[in-house]
Amino acid sequence: MSESTTGIYQKIQAEKGVYTDFRENMTYSEYLHLDQILSSQHRLSGHHDEMMFIIIHQVSELWMKLMLHELQAATNAIGNDEMQPAFKMLSRVSKLQAQIIQVWDVLSTMTPSEYLEFRDKLGKASGFQSYQHRLIEFLLGYKTKQILKIYKKDEAVYEMLENAYRMPSVYDVSIKALDRAGLTINPALLTRDFSKTYHGDGTVAKAWETVYLDVDKYWDLYQLAEKLVDVEDWHQQWRFRHMKTVERIIGFKKGTGGSSGVQYLKNVLDHRFFPELWDLRTRI
């Protein structure tokens, strides 16, 4: 034990209130179920980098779980005109997005040659199949019916996705908030089929323009709009880093799940969740 480590250990011992007997108390490890989490990395090859590959994707799924927790709660809060809690939740989503973007920097340390050592072990499994990422897309308003077929193997997951597919997105409830504030909104939007991807409407564009030109009167809606722009901005950055990392490692090969890989990721970069909030930058 080094001298510095010994000093730290002695300081800990000097802390009179530190608990050391956990025979009848819950430990940190037990609370977090670390035995389950840390024993869930099972390599299918003997290659060193597969451990990194597994952990990066598991960590990403944990971040997405928290993003869903916040996005779902924010959507409900906006629907109930509880704007301040919604702003806090959406701000947290943006911070989480910043974290999940960073994982691509770690994954990009793996070279094409290293990935080839275990890529075939993945079979047809692919990050493209992440049901949590699909739920995030549904909550943001990007609805794709045909993609649901991927999840039929797990009835519980399939049912959860089908329900989310038909529910209003965070933008749908925001449009309803514009209507409740007395701004003119096309009535058909308020009762539309929410399983359809939203592509924009002139009344919504005009309503947001009114908000941005009279910020003091519509302060809450103005803040809401900017929080939504933050979320979409970060999501697009995540998409871009995902695309470039995949291109860096496998080039333009097909994904293990059968997608076109980089080409598919490039195509979704052109999709916008909240089109009027971006268009008004030019309009005003």
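Look up a bit, the structure's there.
Residues numbered from 1 in each chain as written. Predicted model: local features only at pLDDT ≥ 70, side-chain atom pairs only at ≥ 80, totals over all residues. Heavy atoms only, no water.

A.B. asks: Honestly, the packing of helix α9 (residues 170–180) against helix α12 (residues 219–250) in this entry has me stumped. Any pointers?
C.D. replies: Geometrically, a packed helix pair is captured by the angle between its two axes and the distance between the axes. Remark: α9 packs on α12, axes separated minimally by 11 Å, with the N-to-C direction vectors making an angle of 165°. As judged from the angle between their axes, α9 and α12 are roughly antiparallel. Handedness of the α9/α12 crossing: left-handed. Contacts between α9 and α12 pair Val170, Tyr171, Ser174, Ala177 and Leu178 from the former with Leu221, Leu224 and Leu228 from the latter. Along the lines of polarity and charge, the residues of the contact of α9 with α12 split into 7 nonpolar, 1 polar and no charged. (Axes fitted to C-alpha atoms, helices over the stretch in contact; angles between N-to-C directions. Helix = DSSP H or I, 4+ residues; strand = E, 2+ residues; numbered from the N terminus. Parallel < 35°, antiparallel > 145°, perpendicular 65-115°, else oblique. Left-handed = near helix turned anticlockwise from the far one by under 90°. Contact = heavy atoms within 4.5 Å. Nonpolar A, V, L, I, M, F, W, Y, C, P; charged D, E, K, R; others polar.)

A.B. asks: Please clarify how the environment of Arg43 should be interpreted in this entry.
C.D. replies: Relative to the elements of secondary structure, Arg43 occurs in the loop between α3 (34–37) and α4 (49–79). When its relative accessible area of 40% is taken as the criterion, Arg43 is described as partly exposed. Not counting residues within four places of it along the chain, the set of residues in contact with Arg43 comprises His48, Glu50, Met51 and Ile54. A distance of 3.2 Å separates a polar side-chain atom of Arg43 from the backbone oxygen of His47. (Buried < 20%, exposed > 50% of the residue type's maximum accessible area, 1.4 Å probe, protein only. Polar contact = N/O pair within 3.5 Å; in protein donor to acceptor, adjacent residues only side chain to side chain.)

A.B. asks: What's the story with a nonpolar patch on the surface in this structure? I'm lost.
C.D. replies: Together, Met26, Tyr28, Tyr31 and Leu32 make up an exposed nonpolar region whose accessible area comes to about 500 Å². When you line up the elements, Tyr31 lands in helix α2 (residues 28–32). Judged by its relative accessible area of 56%, Tyr31 is exposed. (Patch = residues over 30% accessible without salt bridge, like charges linked within 9 Å, V, L, I, M, F, W, Y side chains within 5 Å. Areas by Shrake-Rupley, 256 points an atom, 1.4 Å probe, with all protein chains shown as cover. Salt bridge = Lys/Arg side-chain N within 4 Å of Asp/Glu carboxyl O.)

A.B. asks: What am I meant to see in helix α11 (residues 202–213) here?
C.D. replies: Along an α-helix, residues three or four apart share an orientation, since each turn contains 3.6 residues. If you check α11, its first and last C-alpha atoms are 16 Å apart, about what 12 residues at 1.5 Å a residue would give, namely 16 Å. In the core, the buried residues of α11 are packed alongside α9, α10 (187–190), α12 and α14 (275–283). (Expected span 1.5 Å × (residues − 1).)

A.B. asks: Hey, could you run me through the packing of aromatic side chains in this one?
C.D. replies: Centre-to-centre distance and the angle between the planes together describe a pair of aromatic rings. Scanning the model with the defined rule gives 11 aromatic pairs in all. Residues Trp104 and Trp238 carry aromatic rings whose centres are separated by 5.8 Å and whose planes lie at 55° to one another, so their mutual orientation is tilted. Here Trp104, found in helix α5 (residues 83–107), pairs with Trp238, found in helix α12; they are 134 residues apart in sequence, far enough to count as distant. Taking the centre distance of 5.5 Å and the plane angle of 65° together, the rings of Tyr171 and Tyr198 count as edge-to-face. With Tyr171 in helix α9 and Tyr198 in the loop between α10 and α11, this pair connects stretches of sequence that are 27 residues apart. Neither residue differs from the other here; Tyr171 and Tyr198 are each classed as buried. Members of the aromatic cluster, joined through ring pairs, are Tyr171, Tyr198, Phe273 and Phe274. If you follow Arg134 out to its NZ or CZ, it ends over the ring of Phe128, 5.1 Å from the centre. (Phe/Tyr/Trp six-rings, centres within 6.5 Å; stacked < 30°, edge-to-face > 60°. Lys NZ or Arg CZ within 6 Å of the ring centre and 35° of its normal.)

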